[in-house]
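Observations on the model geometry
Each chain is listed here by its residues.
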Amino acid sequence: MTDTITAPTIEYLLLSPLLVVFGAAIVGVLVEAFAPRYLRAAFQVPLTLLSLVAAFALVIFVVVKDGVPNKAAAMGAVAADGPALFIWGTILLLAFVSVLLIGDDFVPSAVAVPGSVEEERAVSEGAAHTEVYPLVLFAVGGMLLFAASNDLLVMFVALEVMSLPLYMLCGLARRRRLLSQEAAMKYFLLGAFSSAFFLYGTALLYGYAGSIDLSKISTSLSSVGGQDSLLFIGAAVLGVGLFFKIGAVPFQMWKPDVYQGAPTPITALMASGTLVAAFGALLRVFWVALGNLEWDWSPVVWAVAILTMVVGAILAITQTDIKRMLAYSSIAHAGFILTAVVATAGAKQNSLALSGILFYLVAYGLTTVGAFGVVTMVRDPGGEAWHLSRWAGLGKRSPKLAMVLAFFLLAMAGIPLTSGFFAKYAVFSAAVSGGAVALVVVGVVASAIAAFFYVRVIVLMFFSDPAADGPSIVMPIATRGVVGFAALATVVLGVFPQPVLDLASKAAQSLFVR
Amino acid sequence: MNFASPAFWPPTTQEIVFLLLGVIAVGSAVLVVTTRQLVHAALWLVVSFGALAGGYLVLTAEFVAWVQILIYVGAIVVLLLFGIMLTRAPIGRSADLDSGNQIAALVVGVATAGVLVSVLVAGFRHAYMPLTPGAGAAKPLGSSIFRTWVLPFEALSVLLLAALIGAIVLSRTDIRGR
Amino acid sequence: MEPIVEHSGGVIGASWLMIAFPLASAAILLLGGRRTNAWGHLLGVFAPVASFVVAVMCFLQPSGRYDVGLYDFIPGVAKVGLLIDPLSITFALLITGVGSLIHIYSIGYMAHDPERRRFFAYLNLFVAAMLLLVLADNYLVLFLGWEGVGLASYLLIGFWQFKPTAATAAKKAFVVNRVGDFGFLVGLFTIFATFGTFAFGPVFDNAAKASNGTLTAIGIMLLIGACGKSAQLPLQSWLLDAMEGPTPVSALIHAATMVTAGVYLVVRSGAAFFPEGATASLIVTIVGVATLLAGAIIGTAKDDIKKALAGSTMSQIGYMMLAAGLGPAGYAFAIAHLLTHGFFKADLFLGAGSVMHAMKDEVNMRRYGALRALMPVTFITFFIGYLAIIGFPLLSGYFTKDGIIETAMDSNAILGWLAVIGAGITGFYMSRVVFMTFFGSKRWADDVHPHESPSVMTWPLIILSIGSIFLGGYLILSNRLMVYLGPAVGLPEALPQFHPFSPTGLATLALVALGAAIAWVRYGSAEVPQVAPRGSFLTTFARRDLYGDALNEALLMRPGQWLTRLAVWFDNKGVDGVVNGLAAGIGGSSGRLRRIQTGFVRSYALSIFVGAAVLVGAWYVVGNL
């Protein structure tokens, strides 16, 4: 044996968006270490935003330079294909707008006990945790890797890289701190629990296929015989880990608690970016690794999709906290997307379903970031006006803001001329052509139930009288920009969806790399 | 993994050693949850982990075995012991270590173990793989980590960095404003 | 008819700019808020003018039927595309041309209104929606424009929402239009169910293959939509109340353009759903004749100058409908009359607005009188519009209205004679308006000091009156418009010849002259009482809009209320039981499900574990099936 190691081949250009984000995160850590305290925010914010923009530009550059790639990069660890790049672009865009939402949402000193003297002192001294920016970048890097990982080990590591900073960030809300810490703790415990499931599934699948490479698992399905229980249980347990991340029923419990407790910009990031990344990974596992096993998993995913849509929509009705309501709505939307996940049959149908999912992710991601952006603007003296009763009569107090939120809610309900309509149309029509008519019927019924609670908020805002001591509206310029951008995107995708639909179907054309 | 499998009887020396280590590991694990002294439980855990490391060794996974000893025996159990001592948990026999749910826990644990064991048996009953000495040593592992698995490895280092930053955020008390 | 060809690029390919300019302007003005107050009206005027330029450039291109695909709206179901053909170009020219003039006029008319910017934003929105309506290449996008103009009309009628009458009128227009839109929607669904597409080309090509009953049903449904938008019987009642809006709105929307959308719809769909001699076409002509008489009779008794003109609008659109029901022979006259009416009616409305501007927003003609010397430009232009509408020889209305009457006479003598009688009544009520306003003695309130309007208001009047003089002759002589529109709507077997002294024409002229003479005797030479006399049964009948509202009340509202009560009863007993049960069921299950969300992390973990177990079990079972 020689003492040299052959250097691995790394496709740096293909990986550049990922590397830029991780690199910027590490630079951010160095800034924390060496920059004087009063300068840190001034470094961190532009650094974070610029790196996200640069990564986005690199995604476009990669596609423009060599066309849509379709290969496994970095010794087969990362899949560089159309869906991956589309999802990267989506995540980077959503992360960018979510970062812009960050205002005074974070606790000045995480270690101070809520309500203690230390906390008051930290507030009065204007302390701030600028570490949140590198942490967000770590999480975003994890999302990028998660959606593009080509083997289960990379996927697991990416899952942790994505989740760990998010566990942290969830606990750093400035107001309602106990709720926030509770949310972080729950998210951490349950996240670790689900990661264990994921890892166990990986181990069982490795036992079955002798490889953790997605495409090798796929090829082993036809060659290995007699160990089906290993395969089924491995795949099911792996599925638990993935379903947990998208918040599918019955693994959804964490979502309302965490969305409610986390600082709202982080909630926006989780509701958009994490969901996108998790669907990217879920599709890779189910379509690439288990693609030939479709007859076995599709009834299970059917059941999960139905449960997710129905439970998400029904539970949202009785919510009184706007963030919890949006969390349940996010659960229901995950169910809607799942209807297209099962709609597989042949390459053409698959690429139709995939492009529908990709469009849905962009449309829903932007709408939901916009909605959470509005949530940050409506303030009570003690922070955000979270209770729905406080939103009564907002239409009279601040008609423009209320109209924008009403518009986002209508988009989530899927009213025509909003992006939500085409998103639903895309996934449902894919599901119908994939033979999942019953699923679509359930989806439409769930949409109708969901429309009820969206409209209820609209009615509350426009047809109730405002309370005398109603919430005030704060409109930082960046937040206003984010909400405006999201509203614009919701309109444009609703009236003129063609370019993005084209882009999505182009990205979906070659399907996932195998 | 479909090599011709030799007969189960007579067992080889390796198989006998492996079985013995397995008995030790399971036995000490049972003692961990049944002993009435918290410190003893931690120490039985050392035995269990050690036996597991021995099992790895028999399977030629040298590197993993030493990592098991260094990290689990060396670090994690020590951490546990420190935890017990620093939180002034009662040292010595205590009667309230069992909760009322032990029957349910037992059922769940046995059921889970049953499922897993049956799956593994079903899956690997006929699987056989000859062992090559040295395949699990540091060198081949290293060269494969830095070649095939270089990206997840680097991602792991990023993960650790992120965890470090998180720990600092949660524990740092010297934050002062601008 | 020529086939429709796909087209992209060039001037035609840029035709979407016509819609984009006013839409962008409306968006800027609405979103920009007060910041744009200073220059908002200028932008608001620029947009329709720019659209007009584009429309003219499209008009100058070689004539043909071009389908400009923009993008897939609902992939596989509907495209957003524009159909550029002689018919749509004609409409686009009218909308942007007259629209631009009315925008310019509004700068002066709305000068003192603090919300002028918002007014221009709504007007721009209207122009964009109206252009979308006439340029659409399929029924779905046409419907979008249709709803868009309805929205703009609602916003503009209720523009002075502090006046309760305006708010009520806006609501009434909205509700009545819903009835029409419902018919239109049913027609739309039937079209899609029958042809599998909304696009004009395939629908028209395949119409012959559909059954007669289906075609008639679609035709009647589209006609109901057209009746709502164009204020035809029995959905006419909203138009008179719509005069609560600012006068430029009445001129643009409720005289020149939007109310003609129904005519456009019938002509556009004519080849497929309203062929000559079909049942649907017969109904169109009957509706047209009934409305032209009803509108004229209403016009005779109104003292409010705008309402008198509104009755006249109904009546004139009735003429167009009549012509549109007569097949290819009538289409060109319908469109020609629509165009000339667009000019002279806009002229009359803007003239009326100019008078109201001078008279401190007084609308009662019994408080006018003898204004001709004080407002010479307004008087002359109004008078030209008057001569044009009554069909004075050689002016616009003479050619177009006579064409309609002649064609109707050829088709069915009863229709023809009713149309002639309508022309006679027109002669009476329009003369009445002119005499009461500009002749006779002063009957003003003491604090009113009439004056001529500023030039920004009079110039549009002058341009419109020039159009009112010459446009009709230009379009009708040597069948210019008919030949031009031929590729889009089809040609009759023989081109009609214009006879200057046909018996029908002479009879019409005689009746018009008689009507004008009666008006002179009663309102020109005699003193007009300032308070309306009680009048005969017929006058009351006309004053009360032919009891249209009473009829609506008796036939629709009362039974509607009874029906509502019955429905409420049924709803409470039956439906609510089910719906409330359902809602309570969902709410209840929501409440029950919510209890699972205990907040304890251990129960969440248990839920995950149980879920995982179920998933594994299910998978295992399914996998081993």
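See the structure printed just above.
Right, let's walk through the structure included here. Bear in mind the structure is a predicted one, so any value in this text is a computation, not a measurement. (Residues numbered from 1 in each chain as written. Chains lettered and ligands numbered in written order. Predicted model: local features only at pLDDT ≥ 70, side-chain atom pairs only at ≥ 80, totals over all residues.)

**What about the overall build of chain B?**
Inclusion rule: Note on conventions: DSSP H or I runs of at least 4 residues are helices, E runs of at least 2 residues are strands, and numbering of each starts at the N terminus. Here the C-beta atoms are placed from the backbone, and a residue counts as buried if at least 20 other C-beta atoms lie within 10 Å of its own, exposed if 12 or fewer do, and partly exposed otherwise. For every residue pair, C-beta atoms are placed from the backbone, and the pair is scored as a contact if these atoms sit within 7 Å.
Along its length, chain B carries six helices and zero strands. Secondary structure of chain B in N-to-C order comes out as α-α-α-α-α-α. Taken across its 178 residues, chain B has 15% of its residues classed as buried. Of the contacts made within chain B by residues no fewer than 6 positions apart, 67% connect residues no fewer than 24 positions apart.

**Structural notes on the sheet that holds strand β3 (residues 378–380) of chain A**
All names here are of chain A. Where we set the bar: Two strands qualify as a pair provided DSSP detects at least 2 bridges between them. Every axis in this analysis is a line fitted to C-alpha atoms, fitted for helices over the stretch in contact. Angles between the N-to-C directions lie between 0 and 180 degrees.
Spatially, the three strands line up as an open sheet ordered β4-β3-β5, and their pairing is antiparallel. The open sheet has two free edges, formed respectively by β4 (383–384) and β5 (472–473), since each of these has just one partner strand. With two bridges connecting them, β3 and β5 associate as antiparallel partners. Note on β5: the bridge partner recorded for V378 is I473. With respect to the sheet, helix α14 (residues 346–377) is in contact with β3, β4 and β5, its orientation differing from that of β3 by roughly 35°.

**Thoughts on the sheet that holds strand β3 (residues 78–84) of chain C**
Residue and element names in this part refer to chain C. If you walk across this open sheet you meet the three strands as β1-β2-β3, and the pairing is mixed. Whereas interior strands pair on both sides, the edge strands pair on one side only; in this sheet they are β1 (5–6) and β3. Pairing of strand β2 (residues 66–74) with β3 involves seven bridges; the strand directions are antiparallel. Its bridge partner being in β3, I74 is matched across the sheet by A78.

**Concerning the interface of chain C and chain A**
This is how it is decided: All amino acids are sorted into three groups, where Ala, Val, Leu, Ile, Met, Phe, Trp, Tyr, Cys and Pro are nonpolar, Asp, Glu, Lys and Arg are charged, and the leftover types, Gly among them, are polar.
Taken residue by residue, the interface counts 28 residues in chain C and 37 residues in chain A. Contributions of two or more residues to the side of chain C that touches chain A are made by β2, α23 (548–596) and α24 (601–624) of chain C. Partitioned by chemical class, the residues of the side of chain C that touches chain A number 16 nonpolar, 10 polar and two charged.

**Points about the packing of helix α16 (residues 399–413) of chain A against helix α18 (residues 437–463) of chain A**
All names here are of chain A. Inclusion rule: Here roughly perpendicular refers to angles of 65 to 115 degrees, roughly parallel to angles under 35, roughly antiparallel to angles over 145, and oblique to all remaining angles.
As a packed pair, α16 and α18 sit with axes 9 Å apart at the nearest point and diverge in direction by 170°. Between α16 and α18, the angle is such that the two are roughly antiparallel. The residues of α18 that touch α16, namely those facing A402, A406, L409, L410, M412 and A413, are S447, A450, A451, Y454, V457, I458, M461 and F462.

**Some details on the interface of chain A and chain B**
The partner chain B presents 30 residues to the 41 residues of chain A that form the contact. Per-element tally for the side of chain A that touches chain B: the top contributor is helix α6 (residues 152–170) of chain A, with nine residues.

**Considerations on helix α17 (residues 419–433) of chain A**
Residues and elements named next belong to chain A. Stated precisely, the cut-off is as follows: Multiplying 1.5 Å by the residue count of a helix minus one yields the expected span of that helix.
If you check α17, its first and last C-alpha atoms are 21 Å apart, about what 15 residues at 1.5 Å a residue would give, namely 21 Å. Of all 15 residues that make up α17, 12 are buried, and the element is covered over most of its length. Those residues of α17 that sit buried are S419, G420, F421, F422, A423, K424, A426, V427, F428, S429, A430 and A431. Looking at the buried positions of α17, the neighbouring elements they touch are α13 (322–341), α14, α16, α18 and α19 (477–495).

Distances and angles like these do not, on their own, reveal function.
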